[in-house]
Amino acid sequence: MRNWVKARARTFTDSINRRLRRVYHSIIPITQAAIAASLAWWAATLIFPGTKPFFAPISAIIALAPVPGRRVKRSFEIGAGTIAGVLIGELIIARIGSGVWQIGFVVFLAMVIALFLGSGMLVSVQAASSAILIATLIPVHGPGGLQRVWHAIIGTVIGIVIMALIPANPVRDIRRRLASIVQIEREILGDIASGLRTRNPELVTKALVRIRSTQPALNDIRDTLYNGAEVVRVSPLLWYARKDLKKWEKLLDPLDNAIRNTRVLARRAVVILDDDVPLDVRIPDSISLMSEATGVVHSMLSESDNRHATEQEAARAIISVAVRTTFQLDPNDRSGMHGPVIHAQIRSTLIDLLQVCGMSREEAVNSVPAIGSPGYHPA
């Protein structure tokens, strides 16, 4: 009973911590939305006194919303969709009235025009939503008229200005997520090594499933880099982050390659265990050492460590493992093709990790000594 209570308490605590971290990492976008909505309402009432410009704060928040693709461009497009929907609603509904077929007509027209102008389906849906608001909630002959179009324009402009003046720092978010991927890589390599040593196919299979699940996270980081480049370009407060952003962009491809190589490594390990293939003990030992060295790479990226490893320290840790992988397998090794293949896969992954540490591919290849080398002493 006591163990059950402890387990439930730990689960509850972990859940609360995850939720708090989620709020913490989103606090700047939330602050942006709150300030933009308030300023949009204030500016619209200042320019058009006596009106209730609810489209202004709505448009401001929509312009700030995270959307796929390039952030600033998509914000302009989404804002334009809102403005187009309001304009169509005002021009059409005032003449044909509001009703069942009228709603269908303005939705059709708003989406067709938005797509014709070159925007995607997301923008056309936003245009349709704005037109529906005009058709269903606003009196057909009520006050306001085309002022609501100006309200939407004001809100969109203020939303984009707030994005530039109170920017979310993309560098910190990208660094945190890259470190998370590297930590998963470290744990997966440890599980593969342990599974090969103990002949545990279930452990390696779980590791394979987990490493496969990292691909969407890598794709999201790539999108964030594209969006972050735009935000850094338009926000003077983030111009200092350009160098860091380029550095993270440079290491993303080799990290992606390292993850892909580890997936191949895990698949090969599963086959070895399923077929009960004997394996040279130096193979799992090398994978275990690579896991430990990947921990130094994680320290290089992690913001939570008290002392960050430098790129040079992380590279030296990887090279020290590469030196330990120069052994030659016995020509009569009973693993057949499996031993040489998984051996080569380990060394290929080490080259990718060296590039994550800031080396060029040529430097990384030259830093991994050839198989059979008597010794290696990097400069």
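Residues numbered from 1 in each chain as written. Predicted model: local features only at pLDDT ≥ 70, side-chain atom pairs only at ≥ 80, totals over all residues. Heavy atoms only, no water.

1. Observations regarding a positive patch on the surface
On the surface, R18, R19, R21 and R22 cluster together into a patch of positive charge. Considering the arrangement of structural elements, one finds R19 in helix α1 (residues 2-25). (Patch = residues over 30% accessible without salt bridge, like charges linked within 9 Å, V, L, I, M, F, W, Y side chains within 5 Å. Areas by Shrake-Rupley, 256 points an atom, 1.4 Å probe, with all protein chains shown as cover. Salt bridge = Lys/Arg side-chain N within 4 Å of Asp/Glu carboxyl O. Lys, Arg positive; Asp, Glu negative; His and termini not counted. Charge placed at Lys NZ, Arg CZ, Asp CG, Glu CD. Helix = DSSP H or I, 4+ residues; strand = E, 2+ residues; numbered from the N terminus.)

2. Structural notes on the nonpolar core
Counting residues in each nonpolar core, the largest one holds 78 residues, and the members touching the most others are L178, I192, L196 and I287. With 13 residues, the single largest contributor to this core is helix α11 (residues 242-274). Apart from residues lying up to four places away in sequence, L196 is in contact with V204, A269, I272, L273, L279, P284, I287 and I342. Within the second largest apolar cluster, 8 residues are counted, among which are I88, V106, A127 and A135. (Core = buried A, V, L, I, M, F, W, Y, C linked by side-chain atoms within 4.5 Å. Buried < 20%, exposed > 50% of the residue type's maximum accessible area, 1.4 Å probe, protein only. Contact = heavy atoms within 4.5 Å.)

3. Let's talk about the pattern of salt bridges
Between side chains of opposite charge, a pair can form when the charged atoms approach closely. Enumeration over the complete set of coordinates arrives at 8 salt bridges. E202 is the partner of K206 in a salt bridge, and the nearest nitrogen-oxygen pair spans 3.5 Å. Of this pair, K206 and E202 both sit in helix α9 (residues 201-212), separated by 4 residues, roughly a single helical turn. Residues D256 and R222 are paired through a salt bridge, measuring 3.1 Å at the closest nitrogen-oxygen approach. Of the two residues, D256 sits in helix α11 while R222 sits in helix α10 (residues 215-234), which places them 34 residues apart along the sequence.

4. Quick notes on the packing of helix α12 (residues 282-301) against helix α13 (residues 311-324)
Closest axis-to-axis distance for the α12/α13 pair is 8 Å, and the angle between their directions is 175°. When the axes of α12 and α13 are compared, the pair comes out roughly antiparallel. In contact with S286, L289, M290, A293, T294, V296, V297 and M300 of α12, α13 contributes E311, E313, A314, A317, I318, V321 and R324. (Axes fitted to C-alpha atoms, helices over the stretch in contact; angles between N-to-C directions. Parallel < 35°, antiparallel > 145°, perpendicular 65-115°, else oblique.)

As far as function goes, none of this settles anything; it's purely spatial.
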